[in-house]
Amino acid sequence: MKYIESIHEIKKDYEVFLFDQWGVIHNGKNLFTNVEKIFENLLNENKSIYIVSNSGKKSSDNIGRLKQMGANYILKTEIITSGDVCLNYLIENKGHCKDIGKTYYPIGIDYPLLKDTKFNKTSNLAEADFLLLTSTAGFNDFVNAHNQMKIALKLNIPLICSNPDILGISGKEIHPSTGDLALYYEKIGGKTYKFGKPGREIYEYVHAKSCKNKNEIIMIGDSLFNDISGANNFGIDSLFIKNGIHKKNFSENISDIDTINNIKSDLQVTGIPDFIIDELK
């Protein structure tokens, strides 16, 4: 692990830059200060940029959010969400979604990921082939969701989750995210299939689009469990942003390397980055 002060120190070594969204580009409410200039510079040097986000929603909805934040050069790049990848797997009837059925029951926020597709929504759990969990933004009725999952477990209904993030960031606050609800179903014994980082599917999806070798690609993210671990698993380099989801773990009294090595989870693998930076600049 090597500490750097600016992404410009390493940009010559890569042709493809994969950026996480929350905690790297913005905090859920505002763009970070240096991001637009960094994107402008990389694009002017003909670098390929992909925003690779564990958002359970379609990329089109994320574009709308970025527009509201005042994004310009960021919107000249391609956004790929875990929601996009999940939708692709369901429509193509492949991977974990192969022969899963056509009737789904929404858990959490009823986001229309499958609108205008061959899939049908039901309000009757007994009719569902699978549960669909896309978002918990603004969702508070976790007790009811847990009760629905307990019923679904007895019916042996699998869960498809399009956002595996266990924690999320909004402004200065860190909070449970959609993946936390998926984790509950997994803990009680439910079959749970998650799309997004650190899973390989989203990296494979972007790699195929980039048409570049893995040694030309770098992932920039703030989650050791998702962005960095996923990059490790896929065999690409990574840059870790300290001032993101793990920011409360860092202090001046402990080295960054020791801190990273001590960030553990019983259910997630801690990734080891190639580079470390305080914030994107």
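Now for a description of the structure that goes with this document. (Residues numbered from 1 in each chain as written. Predicted model: local features only at pLDDT ≥ 70, side-chain atom pairs only at ≥ 80, totals over all residues. Heavy atoms only, no water.)

### Looking at the packing of helix H4 (residues 142–154) against helix H5 (residues 178–187)
And step 1. Running from amino to carboxyl end, H4 crosses H5 at an angle of 35°, the nearest separation of the two axes being 10 Å. Of the two possible hands of crossing, H4 and H5 adopt the one that is right-handed. Along the contact surface, H4 presents Phe142, Ala145, His146, Met149, Lys150, Ala152 and Leu153, while H5 presents Leu181, Tyr184 and Tyr185.
And step 2. Counted by class, the contact of H4 with H5 contains eight nonpolar, one polar and one charged residues. (Axes fitted to C-alpha atoms, helices over the stretch in contact; angles between N-to-C directions. Helix = DSSP H or I, 4+ residues; strand = E, 2+ residues; numbered from the N terminus. Left-handed = near helix turned anticlockwise from the far one by under 90°. Contact = heavy atoms within 4.5 Å. Nonpolar A, V, L, I, M, F, W, Y, C, P; charged D, E, K, R; others polar.)

### Looking at the environment of Glu186
And step 1. By secondary structure assignment, the location of Glu186 is in helix H5.
And step 2. Since its relative accessible area comes to 39%, Glu186 is described here as partly exposed.
And step 3. Measuring from C-alpha to C-alpha, the distance between Glu186 and Leu280 comes to 34 Å, with 94 residues separating the pair along the chain.
And step 4. Contacts of Glu186, omitting those with residues within four sequence positions, involve Thr192 and Lys194. (Buried < 20%, exposed > 50% of the residue type's maximum accessible area, 1.4 Å probe, protein only.)

### Structural notes on the sheet that holds strand S11 (residues 192–194)
And step 1. Ordered in space as S6-S5-S7-S8-S11, the five strands form an open sheet in which the pairing is parallel. Every interior strand has two partners, whereas the edge strands, strand S6 (120–121) and S11, have only one.
And step 2. Sheet topology note: the strand S7 (residues 130–133)/strand S8 (residues 159–161) ladder contains three bridges and is parallel. Across the sheet, the residue bridging to Leu131 is Leu159, located in S8.
And step 3. Across the sheet, H5 is in contact with strand S5 (103–107), S7, S8 and S11; its angle to S11 comes to roughly 155°. (Pairing = 2+ DSSP bridges.)

### Topic: the packing of aromatic side chains
And step 1. Tallying each qualifying case throughout the model produces eight aromatic pairs.
And step 2. Taking 6.4 Å as the distance between ring centres and 75° as the angle between the ring planes, the aromatic pair formed by Tyr14 and Phe17 counts as edge-to-face. Across the pair, Phe17 and Tyr14 agree in class, each one buried.
And step 3. Centre to centre, the rings of Tyr203 and Phe234 are 5.8 Å apart; their planes meet at 25°, and the pair counts as stacked. Linking Tyr203 in helix H6 (residues 200–210) with Phe234 in helix H7 (residues 224–234), this pair joins segments that are 31 residues apart in sequence.
And step 4. Ring pairing ties together the aromatic residues Tyr104, Phe119 and Phe130, which thus form one cluster.
And step 5. The residue whose ring lies beneath Lys214 is Phe234, and the NZ or CZ to ring-centre distance is 4.0 Å. (Phe/Tyr/Trp six-rings, centres within 6.5 Å; stacked < 30°, edge-to-face > 60°. Lys NZ or Arg CZ within 6 Å of the ring centre and 35° of its normal.)

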